[in-house]
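Next come the chains, spelled out residue by residue.
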Amino acid sequence: MTFDQVLEAVSGEPAYRSSRWATQTVDHVVTCDLMSDVLVTDHDEILLVTSLPSDQVARTADMVGACGVVLVNGKPPQPSLVELCTHLDLTLILSPLGSFEASWRLGQRLLGRV
Amino acid sequence: MIPIDPNASPSALLELIYRLKVKDIMTGQVKSVEKDTSLREIQRIMRENKVSGVPIVEDGRLVGMISVDDIIRALDQGYIDSPAVVHMSRKLVVLEDDMPVSFAISSFEKYQYGRFPVINRARELVGIVTSRDVTSGLLLEMNRSLEEMERVLNLQASPEPIGQVKRVFLVQQFDYENAGRASTELKKILQDRGVDRALQRKAAVASYELEMNLVNHSLGGRLIFHIDDEKATIEAVDQGPGIPDLAKAMTEGFSTANDWIRSLGFGAGMGLPNTKRVSDEFDLQSTVGKGTQVRAVVHLKPQPGDKP
């Protein structure tokens, strides 16, 4: 799944496009609001779906080598989160969907059902 | 009264007066009396304890205050044997023990009182704070911070052997603005050295877990990185409060985090177990009242017995 497909699936808007936007392939999605749980995932280059709009989302995503973050529930990100994603070159997508809806749509796309 | 302007002081001092709480600087052992105690008895208590104000309590709750001025007036006007309840000040300005010290400083400036009783969330009297407590509390904390900075400078100043990198970061309690910066730096160093992505990730996760533990649970401390071609060593050293039960702390799901920390996405009780999980070597030492030292090592070259 490409980032353009992610964007379409979650009806999102990019708050920051990383330098790998065009070439990145998304194979794993983790939906979680508890960053402690994200830190125990073992997949590389995950797409993190969360409703937590704090800086620690970007820090956590960077530590686990995530390829991007989808912020759901139409939450506006804190300006510092956008700055940090830019600094870390981490894609940040804003979605008006809830966690479940966004995850389900991404899952359908990953399973090739769309 | 206290020569600090909370709105126009150096940022290090501002950070200090917002980080320190009233309970960190107050006098906790307060001599209080019941409301039927005579003013003469209170005068004796003031003399023997060298205090200028005595709180009056009823069932542990603060109901009034007798100051040295009240005693002088009673001696002058001849009612020194009257009970405190008749003459005590009832309109009290109190501070809560969880308020930042900046609030206490503002209160001293605003009300020009010599002392404030301190209550907890249950409205029980837990201490008293004077302007002297504020200045001595700040001096002690500044002294501690300067000692810590000197230690870091000394560590940074020691020469690095060729091919080795050492970095020391001060990590402050509840400093969420900077939380994670040290671990980002570690990851960048490993990236620049061309370390395998999976190993970068293990070291970064171990470092970030320890860094967030320092921010969430310690009174502040240091995160120290030693990196060479063989391994990345991450040490977290704090000044307390220490872990009472190491076995519990290493149990997945056990956490002492409050709701506030959980609302920030942490506090699932996975920090130390996860650090151990991603590390090839792990050591934890802790003494209650003194502090905790954690050492996590990630091998950058495969060694016999390493985890996959």
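See the structure shown above.
Report follows, based on the coordinates. (Residues numbered from 1 in each chain as written. Chains lettered and ligands numbered in written order. Predicted model: local features only at pLDDT ≥ 70, side-chain atom pairs only at ≥ 80, totals over all residues.)

## Let's talk about the overall build of chain A
Quick note on the threshold: By the criteria applied, helices consist of DSSP H or I runs no shorter than four residues and strands consist of E runs no shorter than two, each listed in order from the N terminus. For the exposure call, what matters is how many other C-beta atoms sit within 10 Å of a residue's own: 20 or more marks it buried, 12 or fewer exposed, and in between partly exposed, using C-beta atoms placed from the backbone. Whether two residues are in contact depends on their C-beta atoms, placed from the backbone: they are in contact if these lie within 7 Å.
The number of helices and strands found in chain A is five helices and five strands. Traced from its N-terminal end to its C-terminal end, chain A shows the element sequence α-β-β-α-β-α-β-α-β-α. Looking at chain A residue by residue over its 114 residues, the buried ones come to 44%. Contacts in chain A between residues far apart in sequence, at least 24 positions, make up 57% of those at least 6 positions apart.

## Looking at the sheet that holds strand β3 (residues 61-67) of chain B
To keep it simple, the criterion reads: In short, DSSP must find at least two bridges between two strands for them to pair.
With mixed pairing, the three strands of this open sheet are ordered in space as β1-β2-β3 (chain B). Pairing within the sheet leaves two strands with one partner each, and these edge strands are β1 (33-34) and β3 of chain B.

## Topic: the nonpolar core
Note the cut-off: Defined on buried residues, the nonpolar core groups Ala, Val, Leu, Ile, Met, Phe, Trp, Tyr and Cys residues joined through C-beta atoms within 7 Å.
Counting 68 residues, the largest nonpolar core has A:Val6, A:Leu47, A:Val69 and A:Val70 as its most contacted members. In terms of residues, this core owes the most to one element, helix α9 (residues 197-217) of chain B, which gives nine residues. Beyond its immediate sequence surroundings of up to four residues, A:Val6 is in contact with A:Met1, A:Val26, A:Leu47, A:Val70, A:Ile93 and A:Leu106. The next biggest cluster of nonpolar side chains, apart from the first, holds 18 residues, and it includes B:Ile17, B:Val22, B:Ile105 and B:Phe108.

## Notes on the pairing of strand β10 (residues 281-287) of chain B
All names here are of chain B. Where β10 meets strand β11 (residues 291-299), seven bridges bridge the pair, whose relative direction is antiparallel. Each residue of the ladder has a partner; that of leucine 284, found in β11, is valine 294. Connecting β10 to the next strand, β11, in antiparallel fashion are three residues, including glycine 289 with a positive phi near 90 degrees.

## A word on the interface of chain A and chain B
Opposite the 16 residues of chain A that make contact, chain B presents 19 residues. Sorting the residues of the side of chain A that touches chain B by element identifies α2 (35-38) and α3 (55-63) of chain A as the ones contributing at least two each. Counting residues per element, the side of chain A that touches chain B draws most heavily on α3(A), at four residues.

## Considerations on the packing of α3(A) against helix α4 (residues 79-88) of chain A
Residue and element names in this part refer to chain A. Put simply, the rule is: Angular values range over 0 to 180 degrees, each being the angle between N-to-C directions of two axes fitted as lines to C-alpha atoms, with helices fitted over their stretch in contact. For this classification, under 35 degrees means roughly parallel, over 145 means roughly antiparallel, 65 to 115 means roughly perpendicular, and everything else is oblique. A clockwise turn of the near helix away from the far one marks a right-handed crossing, whereas an anticlockwise turn of less than a right angle marks a left-handed crossing. Amino acids outside the nonpolar list (Ala, Val, Leu, Ile, Met, Phe, Trp, Tyr, Cys, Pro) and the charged list (Asp, Glu, Lys, Arg) are all regarded as polar, and Gly is one of them.
In contact at an axis separation of 8 Å, α3 and α4 are set at 20 degrees when each is read in the N-to-C sense. Classified by the angle their axes make, α3 and α4 are roughly parallel. Considering only the axes of α3 and α4, their crossing is right-handed. Along the contact surface, α3 presents Asp55, Val57, Ala58 and Asp62, while α4 presents Ser80, Leu81, Leu84, Cys85 and Leu88. Across the contact of α3 with α4, the residue classes break down as six nonpolar, one polar and two charged.

## Let's talk about the environment of B:Ser279
Residue and element names in this part refer to chain B. The residue serine 279 is located in the loop between α12 (271-278) and β10 in this model. Residues serine 279 and valine 298, spaced 19 residues apart in sequence, show a C-alpha to C-alpha distance of 5.1 Å. With near-sequence residues (within four places) excluded, serine 279 lies in contact with Ala206, Ala296, Val297 and Val298.

## Regarding the packing of helix α8 (residues 181-192) of chain B against α9(B)
All names here are of chain B. Close contact between α8 and α9 brings their axes to 8 Å; oriented N to C, the two are set at 165 degrees. Considering the angle they form, α8 stands roughly antiparallel to α9. As α8 packs across α9, the resulting crossing turns out to be right-handed. Contacts from Ala182, Ser183, Leu186, Lys187, Leu190 and Gln191 in α8 reach Gln200, Ala203, Ala204, Ser207, Tyr208 and Glu211 in α9. A class-by-class count of the residues in the contact of α8 with α9 yields six nonpolar, four polar and two charged.

## Description of α9(B)
This is how it is decided: One fewer than the residue count of a helix, multiplied by 1.5 Å, yields its expected span.
Spanning 21 residues, α9(B) covers 29 Å between terminal C-alpha atoms, matching the ideal 30 Å at 1.5 Å per step. Counted residue by residue, α9(B) has 18 buried out of 21 residues, so it is predominantly covered.

All we've got here are geometric facts, nothing functional implied.
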